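# Reading the structure
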Amino acid sequence: MTLLDIARPRQSASVPAPPAVVSVDQRPLARRLGPGPRRRYAAALGPLVLLAAWVAGSASGILDPRTLSAPWTVVTTAGELLADGRLQSNLAVSAQRAGLGLLFGILMGAVLALVSGLSRAGESLIDGPVQIKRAIPSLALLPLLILWLGIGEPMKVITITLGVFVPIYLQTHAGLRGIESKYVELAQTVGLSRAAFVRRVILPGALPGFLLGLRFAVTGAWLSLVVVEQINSTSGIGYMMELARTYGQTEIIVVGLVLYGLLGLLSDGAVRLLQRRALSWQRTLNS
């Protein structure tokens with residue numbers, strides 16, 4: 001008999017070993033931390049509650065129709081504007097202005113963020129002027145832009161571009177500088193070239209910040225559009241609202257406001273959907 005045989009506990013051959021019992025703690029299943037699972041169409045709850053409050057206020061007489069038109073009046077007015085083609089034509093002009101300004105602003109902000117984020121010299125030249133622009137509202141630049149460019153389409157598109165590129169730049173630059181140094185060291189270890197480093201490390205690392213900036217940029221595009229379309233415009237949703245203000249047509253003004261709100265809500269929802277699809281690899285509370 002060896003020392004191992006003496007140290008090993010003896011078991012009776014006639015008594016089988018008790019089966020292993022695995023206990024499962026049910027508490028994590030009963031109460032989960034965090035926001036919980038995503039519900040389909042949950043984002044529509046807030047706007048529906050707001051619409052219900054509007055309907056209730058108009059039906060009860062709390063809201064004066066001269067101050068805020070009733071929802072059914074707004075729907076009827078929108079139908080009339082659709083019938084005579086005014087709403088479609090003005091909406092197409094507004095969408096074109098917002099789309100061009102958004103496109104130029106995204107390109108401008110992304111390029112400046114890459115140059116500033118990848119180079120100390122670029123940051124020294126670019127970051128300061130962008131921060132100055134950030135402190136100056138686009139509305140304050142309108143008189144100067146009108147003197148330079150007149151009141152035509154270039155002035156409107158450039159105003160929207162200036163309102164868009166700042167959030168794109170800020171969030172993309174923050175995403176670039178937030179990339180952990182271990183990924184840079186790993187790229188140097190495996191011998192990635194400069195182009196491969198930008199493609200495989202920089203761009204994926206900056207994508208979350210870029211998409212967050214895109215959400216702010218979309219909202220900024222619609223806000224800038226509201227401003228520029230009410231300054232000597234001859235078309236667009238803002239022009240339609242300004243003309244209605246002249247004649248005291250509250251219902252048309254509310255139609256324009258509802259349309260701006262729906263455009264902003266739908267565009268933000270599209271960016272959020274893109275954000276979830278592009279960042280599906282991230283494990284966050286939102287996912």
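Residues numbered from 1 in each chain as written. Predicted model: local features only at pLDDT ≥ 70, side-chain atom pairs only at ≥ 80, totals over all residues. Heavy atoms only, no water.

Each helix and strand counted, the protein chain has 12 helices and 0 strands in total. Mapped in sequence order, the helices and strands of the protein chain form the string α-α-α-α-α-α-α-α-α-α-α-α. Across the 287 residues that make up the protein chain, the buried fraction comes to 31%. A fraction of 72% describes how many contacts in the protein chain between residues 6 or more apart in sequence connect residues 24 or more apart. Here the protein chain has roughly 18600 Å² of accessible surface; of this, 66% comes from carbon and sulfur atoms. (Helix = DSSP H or I, 4+ residues; strand = E, 2+ residues; numbered from the N terminus. Buried < 20%, exposed > 50% of the residue type's maximum accessible area, 1.4 Å probe, protein only. Contact = heavy atoms within 4.5 Å. Areas by Shrake-Rupley, 256 points an atom, 1.4 Å probe, with all protein chains shown as cover.)

The final tally for this structure, using the stated rule, is 7 salt bridges. With its nearest N and O atoms 3.2 Å apart, the salt bridge here joins Arg-86 to Asp-84. You can call Arg-86 partly exposed: its relative accessible area is 40%. Of the residues examined, Asp-84 reaches a relative accessible area of 45% and is grouped as partly exposed. (Salt bridge = Lys/Arg side-chain N within 4 Å of Asp/Glu carboxyl O.)

Turning our eyes to something else, we now look at the packing of helix H4 (residues 71-83) against helix H12 (residues 250-278). Their axes nearest at 9 Å, the elements H4 and H12 cross at an angle of 85°. Considering the angle they form, H4 stands roughly perpendicular to H12. Here H4 contributes Thr-73, Val-74, Thr-77, Ala-78 and Leu-81 to the contact with H12, which in turn contributes Glu-251, Ile-252, Val-254 and Val-255. (Axes fitted to C-alpha atoms, helices over the stretch in contact; angles between N-to-C directions. Parallel < 35°, antiparallel > 145°, perpendicular 65-115°, else oblique.)

Quick look at the environment of Pro-204 now. Tracing the sequence through the fold places Pro-204 in helix H10 (residues 194-228). For the pair formed by Pro-204 and Ala-278, sequence separation is 74 residues and the distance between their alpha carbons is 9.8 Å.

A few words now on the packing of helix H3 (residues 45-60) against H4. Geometrically, a packed helix pair is captured by the angle between its two axes and the distance between the axes. It is the contact of H3 with H4, at a shortest axis distance of 9 Å, that shows an interaxial angle of 105°. Judged on the interaxial angle alone, H4 and H3 are roughly perpendicular. In this structure, H3 uses Trp-54, Val-55, Ser-58 and Ala-59 to contact H4, whose residues at the interface are Pro-71, Trp-72 and Val-74. For the contact of H3 with H4, the per-class residue count stands at 6 nonpolar, 1 polar and no charged. (Nonpolar A, V, L, I, M, F, W, Y, C, P; charged D, E, K, R; others polar.)

Before going further, it helps to examine the UniProt feature "transmembrane region" (unreviewed entry) in the protein chain. Under the local residue numbering, the UniProt record ascribes the feature "transmembrane region" (unreviewed entry) to residues 41-63, 98-115, 135-151, 157-176, 197-218 and 252-274. Structurally, residues 98-115 is divided into 100% helix and 0% strand, and its ends, taken at the C-alpha atoms, are 26 Å apart. (UniProt positions renumbered as here; feature names shortened; annotations may be inferred.)

To continue, consider the nonpolar core. Judged by nonpolar contacts, the single largest core of 39 residues is most densely connected at Leu-87, Val-164, Leu-214, Leu-225 and Ile-237. Broken down by secondary-structure element, the contributors of at least two residues to this core are H4, helix H5 (86-118), helix H6 (120-135), helix H7 (138-149), helix H8 (153-177), H10, helix H11 (237-246) and H12. Ignoring sequence-local partners within four residues, the contact set of Leu-87 consists of Ala-78, Leu-81, Leu-82, Ile-237, Met-240, Val-255 and Leu-259. With 7 residues, the next largest nonpolar core counts Ile-179, Ala-187, Val-201 and Ala-206 among its residues. (Core = buried A, V, L, I, M, F, W, Y, C linked by side-chain atoms within 4.5 Å.)

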